[in-house]
Number of protein chains: 2
Amino acid sequence: MRILCSCAYDGTNFYGFQIQPELRTVQGEIEKVLTQIHKYPVSIVGASRTDAKVHALNQYFHFDTTLNISQENLKKALNSLLPDDIYITECKVVDDDFHCRYQSTMKEYHYIIDFGPYNPLYRNYRYFYPFSLEKFSFEILKEASKVFIGKHDFKSFTKTKTYKNTVRTIYNIDFELQNNLLTIKFIGDGFLHHMVRIIVAMMLSCAQGKYSISDLKQILAGKNRQLAPEIAPPYGLYLYKIYYD
Amino acid sequence: MRILCSCAYDGTNFYGFQIQPELRTVQGEIEKVLTQIHKYPVSIVGASRTDAKVHALNQYFHFDTTLNISQENLKKALNSLLPDDIYITECKVVDDDFHCRYQSTMKEYHYIIDFGPYNPLYRNYRYFYPFSLEKFSFEILKEASKVFIGKHDFKSFTKTKTYKNTVRTIYNIDFELQNNLLTIKFIGDGFLHHMVRIIVAMMLSCAQGKYSISDLKQILAGKNRQLAPEIAPPYGLYLYKIYYD
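Residues numbered from 1 in each chain as written. Chains lettered and ligands numbered in written order. Predicted model: local features only at pLDDT ≥ 70, side-chain atom pairs only at ≥ 80, totals over all residues. Heavy atoms only, no water.

1. Brief notes about the domain arrangement of chain A
Residues and elements named next belong to chain A. Here is the rule: Marked domain ranges trace back to an automatic or database domain assignment. Contacts are assigned to residue pairs that have any heavy atoms within 4.5 Å of one another. As used here, buried area is the combined drop in accessible area, with a 1.4 Å probe, of two parts when they are placed together. By definition here, a salt bridge exists when the distance from a side-chain nitrogen of Lys or Arg to a carboxyl oxygen of Asp or Glu is within 4 Å. Any pair of nitrogen or oxygen atoms within 3.5 Å is treated as a polar contact; in protein, a donor-acceptor pairing is required on top of that, and neighbouring residues in sequence qualify only through side-chain atoms on both sides. In the scheme used here, Gly and all other residues not listed as nonpolar or charged are polar, with Ala, Val, Leu, Ile, Met, Phe, Trp, Tyr, Cys and Pro taken as nonpolar and Asp, Glu, Lys and Arg as charged.
Splitting chain A by domain gives domain 1 (2–94) and domain 2 (105–244). Counting residues at the interface gives 16 residues for domain 1, matched by 16 residues for domain 2. Taken together, the two surfaces of domain 1 and domain 2 that pack against each other cover about 1300 Å², and 57% of this comes from carbon and sulfur. A per-residue breakdown of the area domain 1 buries against domain 2 is headed by D51, H55 and L57, which together make up 35% of the total. At the junction of domain 1 with domain 2, the criterion picks out 1 salt bridge. Of the charged contacts, one joins D51 and R197 as a salt bridge, the two residues approaching to 3.3 Å between their closest N and O atoms. One can count 12 residue pairs in polar contact (both at pLDDT 80 or more) joining domain 1 with domain 2. Along the lines of polarity and charge, the residues of the side of domain 1 that touches domain 2 split into 6 nonpolar, 6 polar and 4 charged.

2. Side note on the side chain of H110 of chain B
All names here are of chain B. Here is the rule we go by: Only DSSP runs of H or I covering at least 4 residues are called helices, and only runs of E covering at least 2 are called strands; the numbering of each starts at the N terminus. Summary of the burial criterion: residues with accessible area below 20% of their type's maximum are buried, those above 50% are exposed, and those between are partly exposed, where the area comes from a 1.4 Å probe applied to protein chains only.
For H110, the location among the structural elements is in strand β5 (residues 104–114). Accessibility expressed as a relative area gives 7% for H110, which makes it buried. In terms of polar contacts, H110 uses its side chain to reach the side chain of E108, at 2.8 Å. With sequence-adjacent residues up to four places away left out, H110 is seen in contact with T183, I184, K185, G236, L237, Y238 and Y240.

3. Details of the relation of the copies chain A and chain B
Cut-off, in case you're wondering: Our superposition of the copies is a least-squares fit, built on the C-alpha atoms of residues whose pLDDT is at least 70 in both.
Of the two same-sequence chains, chain A is brought onto chain B (RMSD 0.0 Å, axial shift 0.0 Å) by a rotation of 180°. In symmetry terms, the pair is related by a two-fold rotation axis. Closest to the rotation axis within chain A is the C-alpha of Y122 of chain A, separated from it by 5.1 Å. Looking at chain A, 100% of its interface residues are interface residues in chain B too, so the copies touch through the same face.

4. Some points on the interface of chain A and chain B
In this complex, chain A contributes 18 residues to the contact, which on the side of chain B involves 18 residues. Summed over both sides, the interface between chain A and chain B buries roughly 1500 Å², with carbon and sulfur atoms accounting for 63% of that surface. Of all residues in chain A, Y118, L121 and R123 of chain A bury the most surface against chain B, accounting for 40% of the area lost on that side. The salt bridge involving R123 of chain B is made with D84 of chain A; its shortest N-O contact spans 3.3 Å. One can count 6 residue pairs in polar contact (both at pLDDT 80 or more) joining chain A with chain B. It is strand β3 (residues 55–64) of chain A that provides the largest number of residues to the side of chain A that touches chain B, a total of 3 residues. In the side of chain A that touches chain B, the residues fall into 11 nonpolar, 3 polar and 4 charged.

5. Notes on the packing of aromatic side chains
Applied cut-off: The criterion for an aromatic pair is that two Phe, Tyr or Trp rings (for Trp, the six-membered ring) have centres within 6.5 Å, with stacked assigned to planes under 30 degrees apart, edge-to-face to planes over 60 apart and tilted to the rest. Lysine NZ or arginine CZ positioned within 6 Å of the ring centre and within 35 degrees of the ring normal marks a charge as sitting over the ring.
Considering all chains together, one arrives at 39 aromatic pairs over all chains under this definition. Ring centres 6.4 Å apart and planes at 75° place the aromatic pair Y9 of chain B and F14 of chain B in the edge-to-face group. Residue classification places Y9 of chain B among the buried positions, given a relative accessible area of 0%. Ring pairs connect the aromatic residues Y111, F115, Y127, Y129, F131, F136 and F138 of chain A, which therefore count as one cluster. Lying over the aromatic face of Y122 of chain B, R126 of chain B brings its terminal NZ or CZ to 3.6 Å of the ring centre.

6. A short note on unusual backbone geometry
All names here are of chain B. One non-glycine residue, E22, lies in the positive phi region at around 75°. Mapped onto the secondary structure, E22 falls in the loop between β1 (2–9) and α1 (26–38). For E22, a relative accessible area of 83% gives the class exposed. Of note, the phi angle at N179 is positive, near 55°, even though the residue is not glycine. For N179, the location among the structural elements is in the loop between β8 (167–178) and β9 (181–188). Classification of N179 by relative accessible area gives exposed; the value is 77%.

7. Re the state of the cysteines
Residue and element names in this part refer to chain B. Selection criterion: Disulfide assignment relies on a single distance test, namely cysteine sulfur atoms paired within 2.5 Å.
Going through the model one piece at a time under the given rule, you end up with 0 disulfides over all chains. Here C5 stays unpaired: no disulfide links it, and the sulfur of C91, its closest cysteine neighbor, is 3.5 Å away. Residue classification places C91 among the buried residues on the basis of a relative accessible area of 4%.

8. Quick notes on the side chain of T50 of chain A
Residues and elements named next belong to chain A. The residue T50 is located in the loop between β2 (45–46) and β3 in this model. Here the side chain of T50 touches Y9 through a polar contact of 2.7 Å, side chain to side chain. Setting aside residues no more than four positions away along its own chain, T50 makes contact with Y9, G16, F17, Y109 and L239.

9. Some details on the environment of F157 of chain B
Note that F157 of chain B resides in the loop between β7 (150–153) and β8. Spatially, the C-alpha atoms of F157 of chain B and V196 of chain B are 8.1 Å apart, while their sequence positions differ by 39 residues.

10. What to know about the packing of helix α3 (residues 138–148) of chain B against helix α5 (residues 213–222) of chain B
Residue and element names in this part refer to chain B. The condition is simple: Note on geometry: axes are C-alpha line fits, over the in-contact stretch for helices, and angles between N-to-C directions span 0 to 180 degrees. Orientation labels follow simple angle bins: below 35 degrees gives roughly parallel, above 145 gives roughly antiparallel, 65 to 115 gives roughly perpendicular, and whatever is left gives oblique. For any helix crossing, the convention is left-handed if the near helix is rotated counterclockwise from the far helix by under a right angle, and right-handed if that rotation is clockwise.
Following both chains from N to C, one finds α3 and α5 inclined at 20°, their axes separated by 10 Å at the closest point. Here α5 runs roughly parallel to α3, going by the angle between their axes. When you trace α3 past α5, the crossing you get is right-handed. Residue-level contacts link I140, E143, A144, V147 and F148 of α3 to I213, L216, K217 and L220 of α5. Split by residue class, the contact of α3 with α5 holds 7 nonpolar, no polar and 2 charged.

In structure tokens:
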């Protein structure tokens with residue numbers, strides 16, 4: 001029987017979602033607990049990887065079980081055994097051929113920037129913009145986002161060189177400004193490693209006057225990461241939602 | 001020359017404000033940095049103690065210096081050397097006989113309770129109420145707060161037995177409910193060790209039906225901590241403001 005779970009986690013004290021030997025990861029913690037419950041090794045498949053310190057409000061994973069346990073009791077058992085920086089929000093039975101990664105249709109990431117003074121209570125949850133806002137233009141920031149919307153080869157905007165296919169579609173980039181807090185919302189069919197953080201950093205630099213809109217277009221067309229050398233810090237990034245049909 | 005500083009800190013990774021040997025404290029971290037800047041041992045006087053995991057948005061401390069440095073540069077120097085969970089918001093020169101503890105007139109503490117589902121991203125910043133809200137009454141909660149407003153001997157509501165005088169005045173207890181988030185705001189001339197957290201826990205239990213308003217009055221009159229056995233967790237508590245004339 002295949003179980004699909006949704007979960008939220010605070011990425012601060014994790015070396016990302018994906019399991020890595022000797023390091024504390026979200027997948028590692030969840031598999032440890034599932035193995036404890038099942039009394040045999042259980043592996044999970046995650047819908048999306050997240051980097052060290054990146055948060056998730058709605059991550060999904062699936063696994064197969066032979067246990068006879070209700071969905072509600074499985075959720076309770078997992079939450080009572082998991083550390084307090086991971087929380088399972090739902091468990092449900094899905095078809096045996098359901099795949100949480102391949103069957104997701106869209107992903108939504110949010111990036112939070114605080115233009116106000118530094119507040120240590122939010123240091124792990126927002127990017128405190130360290131530069132002067134004197135030359136900063138929100139109009140140019142919005143204009144810059146349009147360069148990335150649509151189907152593009154985002155090779156210049158990823159760290160990893162191992163992708164066979166670096167073409168992705170960004171359906172929308174939306175901005176919400178409340179007082180000093182800017183949330184940039186990305187919806188796309190998928191995002192390459194570091195793609196959101198590199199795009200955010202390059203857009204901010206453009207709004208600051210360091211790059212022009214036409215520079216960004218050339219960088220995108222250039223398909224070379226060295227053209228886009230900046231990256232925004234991980235702790236401002238949230239995996240906000242994964243869409244399924 | 002006496003310097004008064006205001007600061008904010010995330011209490012999560014501190015064993016409270018007050019210096020203790022071998023433990024990481026806010027005072028300890030600040031004195032370490034001041035000693036480094038002065039090249040001789042410097043001690044500070046804090047306006048208010050906070051417990052392990054309790055946060056501060058506006059804590060004050062003072063110290064004496066022989067350094068010839070501008071207030072703005074002192075702030076910069078401190079912030080560049082302090083860990084990222086403490087932030088100095090202001091430094092200013094005050095009279096040599098100014099005392100940040102004795103001259104404070106009122107203190108304001110906030111306690112944040114989340115009645116919604118658990119969210120791991122806020123686990124260090126809110127008390128997620130673990131009980132059913134079926135019998136919970138906000139009306140009774142507000143009614144219960146009135147028991148504590150005014151000048152009372154709060155001996156039943158403190159952990160420590162060493163106070164000579166356990167009489168304090170609470171000027172106001174205010175409630176702000178936004179969606180699932182309740183902030184209880186206490187303003188008083190001073191608060192005993194654990195006093196806010198014990199009052200919060202006892203008021204919540206009263207709103208839940210475990211105690212009546214007249215029970216609370218008897219507990220207050222009884223002047224014995226064993227009558228008030230509950231305490232709310234530290235991470236929901238914030239030192240919000242210290243008032244000076």
